[in-house]
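Given next are the chains, with one letter for each unit.
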Amino acid sequence: MILSERPLRLGTRGSPLALAQARMTARALCDAHGWPDGAVAIVTVQTSGDRIQDRALAEIGGKALWTKELDRALVEREIDFAVHSMKDVETLRPSAIRIAAMLPRADVRDRLVGADSFDALPANPVVGTSSPRRAAQVTRLRPDATITLFRGNVATRLAKLAAGDVHATLLAAAGLDRLGQGDVGVTIPIDMMLPAPSQGAVGIEALADNDAVLAVLAAISDRDTFDCVMAERNLLMGLGGTCHSPIAALALVDGDRLHLRAEIISPNGQETVSEDARIDPQDRDAAQAMGRRLLDRASPALRSLFEA
Ligand SMILES: NCc1[nH]cc(CCC(=O)O)c1CC(=O)O
């Protein structure tokens, strides 16, 4: 069943990773509904995040930069739905927009690129990242490391590494894999680097009142991924963090419950507050409460990184 004579319009950013994720989503929809190729049209929308490359995300306005223009296209009905890396979707969303579906989650871990391990890095290594989480985790593992700001898409970061700007960088395994670069870097175990909330998940948003589109998208949503990512997002809600805030979190399905792990880390890597718990997937408050407890246990300096 196609909704109308015209193709469904899928909105996405234009980066190679975003386009790969958009094509995966279009393929999943066509397969699930038995539609011919071309039933989903990919519409690229440039975001401020794509335009501004020389400053840290946190400095120029945060994650909204990745969604603002796609939100506008949705509300103005230029597109029927938008595909995002869930990691880049702000915790608070406009009420008119709903997270309608998530594709099955990919590898949630980070890869270290440029060295075989943290131990194998030279003394006083220079590591490129613009993620406060990765910066704090690297500094905890290697207190002698210097972190340098590293933005741009995956290819840009790999080019900066190849040019010798840094000794190493960290990238999400999911992004590398989706770009056909699964052989780049070494995968870091979760116990060494807990990933970012929502890492490895692709989400699809639509207008909350568009029942026909919501139904079409529900058919390709992965329940476990949805529950886990929502728990990680609820945790963020409890923390009130921004993209300045060094937060790691991961939920995994454990029988009929979720095992939720989370940590907040001071930028110098010397203070870590962590917790893990088994929670009911339907219990939105449990994850939020964990976020609040982490803050309660943090020093004033660490807590201040979570004040807007
Ligand atoms: N912040 C950029 C971003 N957003 C999502 C991914 C990777 C894909 C994912 O986590 O699903 C990346 C690149 C990276 O962190 O290496």
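Computed from a predicted structure; not experimentally measured. (Residues numbered from 1 in each chain as written. Predicted model: local features only at pLDDT ≥ 70, side-chain atom pairs only at ≥ 80, totals over all residues. Heavy atoms only, no water.)

## Here we look at the sheet that holds strand β7 (residues 146-148)
Move 1: Pairing within the open sheet is mixed, and its five strands lie in the order β7-β6-β8-β5-β9. Looking at the sheet topology across the chains shown, the edges are occupied by β7 and β9 (186-187).
Move 2: Note: strand β5 (residues 110-113) against strand β8 (residues 168-172), four bridges, orientation antiparallel. Note on β8: the bridge partner recorded for Val113 is Thr169.
Move 3: Of the strands in this sheet, β5, β6 (126-128), β7 and β8 touch helix α5 (residues 132-141), which is tilted by about 130 degrees from β8.
Move 4: Relative to β8, helix α6 (residues 154-162) is tilted by about 160 degrees, and along the sheet it contacts β5 and β8. (Pairing = 2+ DSSP bridges. Helix = DSSP H or I, 4+ residues; strand = E, 2+ residues; numbered from the N terminus. Contact = heavy atoms within 4.5 Å. Axes fitted to C-alpha atoms, helices over the stretch in contact; angles between N-to-C directions.)

## Some words on the nonpolar core
Move 1: Leu235, Leu239, Leu260, Ile264, Ile279, Leu294 and Phe306 are the most contacted members of the largest nonpolar core, which totals 23 residues.
Move 2: Elements represented by at least two residues in this core include exactly α9 (223-239), β11 (247-254), β12 (257-265), β13 (272-279) and α10 (284-297).
Move 3: Formed by 22 residues, the second largest nonpolar core is a distinct cluster that contains Leu8, Ala206, Val213 and Val216. (Core = buried A, V, L, I, M, F, W, Y, C linked by side-chain atoms within 4.5 Å. Buried < 20%, exposed > 50% of the residue type's maximum accessible area, 1.4 Å probe, protein only.)

## Notes on the domain arrangement of the chain
Move 1: What the domain assignment reports for the chain is domain 1 (8-103 + 201-221), domain 2 (110-187) and domain 3 (235-299).
Move 2: Relative to domain 2, the C-alpha centre of domain 1 lies at a distance of 27 Å. (Domains from an automatic or database assignment.)

## Some thoughts on the side chain of Glu263
Move 1: Examined against the element boundaries, Glu263 turns out to sit in strand β12.
Move 2: Apart from the residues within four sequence positions on either side, Glu263 is in contact with Gln137, Arg140, Leu194, Pro246, Ile247, Ala248, Thr272, Val273 and Ser274.

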